[in-house]
Amino acid sequence: MWIYEKKLQYPVNIKTPNPKLAMAIMSQIGGPDGELGASQRYLNQRYTMPDPRIIGMLTDIGSEELGHIEMVSAIVYQLTRNLTPVQIKEAGFDSYYVDHTTGIYPSSAAGVPFSAKYFQSKGDAITDLFEDMAAEQKARTTYDNLIRLTDDPDVLDPLRFLREREIVHFQRFGESLENLRGILNSANYYADNPEFDR
Amino acid sequence: MSRSELLRSIQIADFALVEANLFLDSHPDDANALQYYGKYKAMLDSLTEEYVDKYGPLTARQYKGWDHWKWIDNPYPWFPEANR
C-alpha cells in the first residue's frame, strides 16, 4: 500500500502563466514517455521479478514516479492559472480547454489520451529491464526537448531536477540488470526468460 | 525556521534518503550507504517532528491528539504558496 505525503519531491513555484508551454509539458504526465506510464511500467513489472533487490528497485522507482506525476501536474497547473479567454485563444490552448477547462487530464502534447499501450510488462526479467532502461532514456530526451522550449527559470528548475532523475534511474536499472545476470544459471548463456523457464 | 524553510529542509533530507534507498536496493550491504541512510533518516525524523508540532502533519497519521483535523489546513503541494 501507499501513504500520501503532503509535499512535492522538489519545489515548483511558477510566477508567469504559459498555457502553450503547459500543453507541451503535459506529455510528461500522460504522453508516450511520461511519468504515468513510467510508474505503471515499474509497478506492474514487480510481481514476477525473480530477485528481491530488483523488486525493491521497481517498487521504489515506481513510487518515485508517482511523485513525479504530481510534480509535473503542479507545473502544468501553475502554468494555466488565472487565464483569460483571450490568452487561451492566443496561446492555442483552446483545443485543450474546450474538453478539460484547466483540469489536469493525462494526455500527450498532441492531446492523445494516456494509454497502457505506452508500456510493456513482458514477464521476462531481462526484457523488462532493457525496456526500463530505454524508458528512462526516452523520458530524459523528452525533458531535453522541453528544456529547449523555455527560458523561464521557474520552469527550468524543476524540469532539470526531473531530467536528472531519469539519469539516476537509468543507472540503477543498469545495476539491476547486472545483479540479475549474476544470479542466472551459467548454462543460461543467452538469458532465456529467467522469470518463467528458471 | 519558517514553514517553507522547514519544508525545504525536509525535502532535502528526504531526497538524500530517496537516493540512498535506490542505491541500497542494488547494493544492500554497502556500509557507507547504510551509514549515510541512517544519518539522513535521523535528520529527517527530527525535522519532521518539528514541522508537525509547529505547522501540522505531512501524513494524516502524524495526528497528535489535536481538537481539529489539521491534515487539510496547509496548502496542497501543487499550489505555488506551498513552495515559497
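Above: the structure in question.
Rules behind the numbers
Residues numbered from 1 in each chain as written. Chains lettered and ligands numbered in written order. Predicted model: local features only at pLDDT ≥ 70, side-chain atom pairs only at ≥ 80, totals over all residues. Heavy atoms only, no water. Helix = DSSP H or I, 4+ residues; strand = E, 2+ residues; numbered from the N terminus. Rg over C-alpha atoms; globule rule 2.2 N^0.38 Å. Contact = heavy atoms within 4.5 Å. Areas by Shrake-Rupley, 256 points an atom, 1.4 Å probe, with all protein chains shown as cover. Lys, Arg positive; Asp, Glu negative; His and termini not counted. Charge placed at Lys NZ, Arg CZ, Asp CG, Glu CD. Expected span 1.5 Å × (residues − 1). Buried < 20%, exposed > 50% of the residue type's maximum accessible area, 1.4 Å probe, protein only. Polar contact = N/O pair within 3.5 Å; in protein donor to acceptor, adjacent residues only side chain to side chain. Patch = residues over 30% accessible without salt bridge, like charges linked within 9 Å, V, L, I, M, F, W, Y side chains within 5 Å. Salt bridge = Lys/Arg side-chain N within 4 Å of Asp/Glu carboxyl O.

S.K.: Give a description of the overall build of chain B that names residues and reports values.
M.R.: Along the backbone of chain B there are 2 helices and 0 strands. On C-alpha atoms alone, chain B measures out to a radius of gyration of 15 Å, which is more than a quarter above the 12 Å that the 2.2 N^0.38 rule sets for 84 residues. Along the first, second and third principal axes, the C-alpha set of chain B runs to 45 × 30 × 20 Å. A fraction of 47% describes how many contacts in chain B between residues 6 or more apart in sequence connect residues 24 or more apart. For chain B, the exposed surface amounts to about 4,800 Å²; the carbon and sulfur share of it is 56%. The centroid of the 9 positive side-chain charges in chain B is displaced by 5 Å from the centroid of its 13 negative side-chain charges.

S.K.: Any chance you could break down helix α2 (residues 31–55) of chain B for me, citing the residues and the numbers?
M.R.: Residues and elements named next belong to chain B. Spanning 25 residues, α2 covers 35 Å between terminal C-alpha atoms, matching the ideal 36 Å at 1.5 Å per step. Residues of α2 that are buried include every one of A33, Y40, L44, L47, T48, Y51 and V52, and no others. Summarising the contacts, the buried residues of α2 are in contact with α1 (3–26). Near the N-terminus of α2, the side chain that reaches the backbone nitrogen of N32, with its oxygen 3.2 Å away, is that of D30. Just past α2, the residue G56 takes up positive phi, approximately 105°.

S.K.: Report on a nonpolar patch on the surface, specifying residues and quantitative values.
M.R.: Residues Y63, W69 and I72 of chain B make up a contiguous nonpolar surface patch of roughly 330 Å² in combined accessible area. When you line up the elements, I72 of chain B lands in the segment after α2.

S.K.: Tell me about the environment of Q62 of chain B, and please be specific about residues and values.
M.R.: Residues and elements named next belong to chain B. With respect to the helices, strands and loops of the structure, Q62 is situated in the segment after α2. Along the sequence, Q62 and E49 sit 13 residues apart, while their C-alpha atoms lie 9.0 Å from each other. For Q62, the contacting residues outside a window of four places in its chain are T48, V52 and P57.

S.K.: Outline unusual backbone geometry, listing residues and values.
M.R.: Residue and element names in this part refer to chain A. For N82, which is not a glycine, the phi torsion comes out positive at approximately 55°. A positive phi angle, near 50°, is found at T101, a position not held by glycine. Note that T101 resides in the loop between α6 (94–100) and α7 (125–148). A relative accessible area of 47% means that T101 is categorised as partly exposed.

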